[in-house]
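Architecture at a glance
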Amino acid sequence: MTKPRTRRASAPDKAYWRSLERWRTAAPEPAPAVDEFPEGASETPDGISRRKMLGLMGATVALGGAVGCRRPVETIVPYVNAPEGRIPGIAEFYATTFKQGGHAFGALVESHGGRPTKLEGNPLHPSSGGAANAWMLASTLHLYDPDRSQHPHRHGAEDGDPEEATWDDFAAYWAQNRGDGAADGADLAVLAGLDPSPTRDRLAEAFRQRYPAARWVVWEPIHEGRVVAGIEAATGQALRPVHHLDEAEVIVTLGADPLLTGGDALRHGRGFAAGRRRGVDGGTMNRLYSVESTLTVTGAAADHRIPLRFDQLPALASALAAALGAGGGGGGDLPAAVAAQLDAIVADLRAAGSAALVIAAPELPPEVHGAVLAIHSALGAIGRTVTLHPAGPDDAVTEEALAGLVTAMADGSVNTLVTLGVNPVFDAPADLAFGEAMAAVPNTIHLGLYRDETGERATWHLPEAHFLEAWSDARAADGTLSIVQPLIAPLWHGRGAIEVLAMLAGEAETAGYELVRKTWGDTPFGIDEKTWRRTLHDGVAEGSAASAVAVAANAPAGGSSTAASGDLELTFHPASDLWDGRYANLGWLQELPDPITKITWDNAALFAPATAEGLGVSTGDRVRLTYRKRSVEAPAWVLPGQAEGSVALALGYGRRHAGRVGTAVGVDAFALRTSEAPGGGSGLAVEVLGGDYLLAQTQEHWSLEGRPLVREGTLDQFRAEPAFAQAPEAKLHLGSLWEEPVYDIGPQWGMAIDLNACIGCNACVVACQSENNIPVVGKEQVALGREMHWLRIDRYFNGDPAAPEVVFQPVSCQHCENAPCEQVCPVAATVHDREGINAMVYNRCIGTRYCSNNCPYKVRRFNFFNYTKDTPELMKVAMNPDVTVRSRGVMEKCTYCIQRINQAKIAAKRASRALADGDVRSACQQACPADCITFGDITDETSRVVVAKSEPRNYVMLAELNNKPRTSYLAKLRNPNPAWSKEAAG
């Protein structure tokens, strides 16, 4: 590779680039652009087939199909007896809980006329704290997905097509085969998903009492069972750690991504951002070290990052434990570059003491988690940066338990298998061959949202109700209890998991509400009706968090030392969009660019630049990955920051029965994942097949390379020169050719985005899409640069491609006071209102696209196709009724959520008061886990947005153009360790 020459950037020693191609061909000044748009983005389209459009609409834009969706019961004269407190046109909010991977997140659901349309985080819940992640935000799309299972099905004759059945049919079948007087269940097995529900726990115990010899196994493809096992081996107690990043001054992550795919990521993001702000305010800024094989969101946020093979992480954990006097058996053979930095990391951890925090990837062996606990114990961090809480009865998920079940299935010991909310045919370890073992079981029952890979093979498939349709409850990582409250009656014939389990256990009552109420009315909850109603209203049971457990431990001697093989290794990680594949049919998430690679609608095998060069692999090549005698074909992607000798593949893609959107998208990584090495291991062989695979990626879309857009510096630099982000070119701006308008009447809206807190998690992008009815366009259109997101997150690299630094920058319409788009619109479709908002009048727009040509920030999107034309009337109410649904041929962009501004004004007027700071929160601001977006009235000198804009780090993009944007940015700061050896790191 040829090292680029230095270009003009936001700091003298920074040269930013978005891709390796830009790094290789970088010039000292931006080259004249032949076309300022991505190739194909501005050309007149050749057309899109109706079949393709309807396929995308099926589970994305239209949010539902005309077939199978039933209307709510209505009378001829509706609302003669109107629901109490309901005002037509005014949204209502209800508290509920979103669950994923054994974690619970409090949510507030916006409902219009009884139809849930949008999710927010519940500020009273400790795990969400008012924020939301992309998966939670996409839940409404999940709810209205027409590909969800609608009826029970059973297989008739052998190998025949399944026939539609009813719940009564299944109840009769179960009573006949497993009713009273049946055997003790020795030939019965249940495979259940990890659900932190006290009611599920109670019913599972009732099931075991009814069938004492039955097998009860819990399975989750992405779980924290090894964490619990490691802590239990060290302390004798089954405990779960809760990490408090807000208390941490030094953080070390070992292969973990706590800011995005970690189970408690919302809490982690909020705590990490608090530690960054502490330094800006004059306190101690946290310092993050990330050691990982694949570049993650956490690695991008790190002050120091070390690319290291996954199979060398146990040796590093052992070395840290030994160096800190926490036991352990030394580090084995670590690379020289890592060993050279170890002393600096150890010294920093020791100096931080109780304010130190180490987080290891949950896929690492239990011995590593024992070593991490010993480190915390030695430093006195237990009780401050990490607290330990009792694990739930099913938290200790293990591959060994699943393997035992598979063995029993294969040898004929299981006559009836019940799977509750899991899809093991797709996501069980490949070496267990779950599908083959399932075929040997005479009676198989599957409960799930979809007739997925497991449901297709079951003799009985039962439709599961979505969590917005069913009652349940939840326990957060720290023990906090909350309610899962339905917002709508089941759209089809689904039933909640606890209702089905109650039926199987022979409970007299199977209504979800009564089951949950019984749990909460009994010991140890024992709440009265008044407290129950308050809990329903708040979504959280006040004071229900479990007390922290005090423990001490030493790392097992030599247990964590692992020598790395010289072979290539293959690693697996949760997809940043699809998680483990359960969200594969959601177009919002399929089209969401990966924070690091910027790939959409696909996963790819990730190679380090040096590894790719040695193998002769280029981005877009088709490669065959052979690992432990199993092979898949995948596209290759050369990723800066990937550890040499390590290849990564995201889980969750390659679904075979996901629905019309998610089936046959990407590569099935589960086909290579084994039970003995769920995180990956050495022994990978790579064969280059050639070819040119179309990867739809957005990393070069709307590129503004060469311009000083993102600004960053170090904490020491900021304290020595607080206004370092104020670029000199901002003082040399262009003069106006006309008299500029003055905006000083009423509230004036503005936004500030703190790059120091932004972690690039994409929550804001999905929140904007959900709030503003933004359509998806599909892989082919994204490849042409025609994605419709109103908010994008630019990802910049700088430094050596082997170990680059990463900066994220959210970019939407800047709402320029002197807006260049407005001057060129021939029909005045883009105009300014009196409050400083650059507004769009859609019914004026004739699609000239002059405004997009004249926008230097490239934040306007043209709607080439009418994706909403054939949306059924019933399904239109599933969209946000406060926002226009645009037709073909108009320009779309961020509006500062003007509908939310107007709602706040109406609410303030009804209360006979003036607008207060915080009354208006944009959708992106509301969702952000790191609270990096501030929005409000810039004429209110006490408002948060004015306080943010008054910081010396504040700057606007391209100030020299005299556009006067209302959105500004606060420069990013890093907190490097002065003792860090740059030579060793490089």
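Residues numbered from 1 in each chain as written. Predicted model: local features only at pLDDT ≥ 70, side-chain atom pairs only at ≥ 80, totals over all residues. Heavy atoms only, no water.

We now examine the overall build of the chain. A count of helical and extended segments in the chain gives 31 helices and 39 strands. The proportion of buried residues among the 986 residues of the chain is 62%. Accessible surface computed for the chain: about 36000 Å², of which carbon and sulfur atoms make up 51%. (Helix = DSSP H or I, 4+ residues; strand = E, 2+ residues; numbered from the N terminus. Buried < 20%, exposed > 50% of the residue type's maximum accessible area, 1.4 Å probe, protein only. Areas by Shrake-Rupley, 256 points an atom, 1.4 Å probe, with all protein chains shown as cover.)

Our next topic: the packing of aromatic side chains. Tallying each qualifying case throughout the model produces 20 aromatic pairs. For the pair tyrosine 289 and tryptophan 980, a centre-to-centre distance of 5.7 Å together with 40° between the ring planes defines the contact as tilted. Here tyrosine 289 is found in strand β11 (residues 287–292), whereas its partner tryptophan 980 is found in the loop between β39 (972–974) and α31 (982–985), with 691 residues between them in sequence. Assessed through its relative accessible area of 1%, tyrosine 289 is described here as buried. We classify tryptophan 980 as buried; its relative accessible area is 11%. (Phe/Tyr/Trp six-rings, centres within 6.5 Å; stacked < 30°, edge-to-face > 60°.)

Another point: the sheet that holds strand β17 (residues 460–463). Across the sheet, seven strands lie side by side as β6-β5-β17-β16-β15-β7-β8; this open sheet has mixed pairing. The open sheet has two edge strands, β6 (162–164) and β8 (215–218), and neither has a second partner. Shown here is a sheet whose adjacent strand axes are inclined to one another by a mean of 15°, direction ignored. Strand direction decides the pairing type here: strand β7 (residues 188–192) and strand β15 (residues 416–420), joined by five bridges, are parallel. Bridge pairing in β15 places alanine 189 opposite leucine 417. Contacting β5 (153–155), β7, β15, β16 (443–448) and β17, helix α5 (residues 167–178) crosses the sheet at an angle of about 130° to β17. (Pairing = 2+ DSSP bridges. Axes fitted to C-alpha atoms, helices over the stretch in contact; angles between N-to-C directions. Contact = heavy atoms within 4.5 Å.)

What follows concerns the sheet that holds strand β1 (residues 16–17). Reading across the sheet, the three strands line up as β1-β30-β31 and stay open at both edges, with antiparallel pairing between neighbours. Since the sheet does not close on itself, it has two edges, and those belong to β1 and β31 (805–811), each with one partner. Where strand β30 (residues 792–798) meets β31, seven bridges bridge the pair, whose relative direction is antiparallel. Bridge pairing in β31 places tyrosine 796 opposite valine 807.

Across the interface, helix α18 (residues 512–521) lies against helix α19 (residues 529–538) with an axial gap of 11 Å and an inter-helix angle of 120°. Classified by the interaxial angle, the pair formed by α18 and α19 is oblique. α19 is crossed by α18, and the crossing has right-handed handedness. From α18, Tyr513, Val516, Arg517 and Trp520 reach across to α19, where they touch Glu529, Trp532 and Thr535. (Parallel < 35°, antiparallel > 145°, perpendicular 65-115°, else oblique. Left-handed = near helix turned anticlockwise from the far one by under 90°.)

Turning our eyes to something else, we now look at the pattern of salt bridges. As enumerated under the stated definition, the model contains 45 salt bridges in all. Among the ionic pairs, arginine 900 bridges to glutamate 771, the shortest N-O distance being 3.0 Å. Here arginine 900 is found in helix α28 (residues 898–910), whereas its partner glutamate 771 is found in helix α23 (residues 763–771), with 129 residues between them in sequence. Exposure remark for arginine 900: the relative accessible area of 10% places this residue in the buried category. Here glutamate 771 falls in the buried class, since its relative accessible area comes to 2%. Among the salt bridges present, the one from glutamate 951 reaches arginine 953, with a minimum N-O distance of 3.0 Å. By relative accessible area, which is 23% here, glutamate 951 ends up partly exposed. (Salt bridge = Lys/Arg side-chain N within 4 Å of Asp/Glu carboxyl O.)

Note on soluble globular proteins: their nonpolar side chains tend to be buried together. Among the nonpolar cores identified, the biggest contains 211 residues, and Leu254, Leu320, Leu349, Leu589, Phe607 and Leu625 are the most heavily contacted of them. Setting aside residues up to four positions removed in sequence, leucine 320 forms contacts with Val252, Leu254, Leu342, Ile345, Val346, Leu349 and Ile375. (Core = buried A, V, L, I, M, F, W, Y, C linked by side-chain atoms within 4.5 Å.)

Moving on: the pairing of strand β25 (residues 646–650). Here β25 lies mainly inside the structure; five of its five residues are buried. The alternating pattern of β25 places Ser646, Ala648 and Ala650 on one face and Val647 and Leu649 on the opposite face, and all of these are buried. In the sheet, strand β20 (residues 568–573) pairs with β25 via five bridges, with the strands oriented parallel. Bridge pairing in β25 places glutamate 569 opposite serine 646.

Residues of strand β23 (residues 622–627) alternate between two faces, with Val623, Leu625 and Tyr627 buried on one and Arg622, Arg624 and Thr626 left unburied on the opposite face. Note that β23 and strand β26 (residues 680–690) share six bridges and pair antiparallel. Bridge pairing in β26 links leucine 625 to valine 686. As defined by bridge partners, β23 adjoins strand β24 (residues 630–638) across six bridges and the pair is classed as antiparallel. Paired with threonine 626 across the two strands is serine 631, which belongs to β24.

Since the α-helix advances by 3.6 residues per turn, residues separated by three or four positions end up pointing in the same direction. Of all the positions in α19, only Trp532, Thr535, Leu536 and Asp538 are classed as buried. Looking one or two residues beyond α19, the residue adopting positive phi is glycine 539, at roughly 85°.

Between α5 and helix α17 (residues 497–505), whose axes approach to 10 Å, the crossing angle comes to 35°. For the crossing formed where α5 meets α17, the hand is right-handed. Along the contact surface, α5 presents Trp167, Phe170, Ala171 and Trp174, while α17 presents Val500, Met503 and Leu504.

Mean pLDDT over the chain works out to 86, with 86% of the residues at or above the 70 mark. Of the regions scoring below 50 in pLDDT, residues 27–34 engages in eight contacts with residues more than four places distant in sequence or in other chains. Contacts of residues 559–564 to residues separated by more than four positions or lying in other chains number 19 contacts, the stretch itself having pLDDT below 50. (pLDDT = per-residue confidence, 0-100.)

On to the environment of alanine 229. The residue alanine 229 is located in helix α7 (residues 225–235) in this model. For the pair formed by alanine 229 and arginine 240, sequence separation is eleven residues and the distance between their alpha carbons is 9.5 Å.

A few words on the side chain of arginine 792. Residue position: arginine 792 is located in strand β30. At 2.8 Å, the side chain of arginine 792 forms a polar contact with the side chain of aspartate 794. (Polar contact = N/O pair within 3.5 Å; in protein donor to acceptor, adjacent residues only side chain to side chain.)

Note on placement: aspartate 577 falls in the loop between β20 and α20 (587–590). Taking C-alpha positions, aspartate 577 is 9.7 Å from tryptophan 601, a pair spaced 24 residues apart along the chain. Excluding residues within four positions of it along the chain, aspartate 577 makes contact with Trp135, Tyr583, Leu589, Leu592 and Tyr653. A polar side-chain atom of aspartate 577 sits 2.7 Å from a polar atom in the side chain of tyrosine 653.

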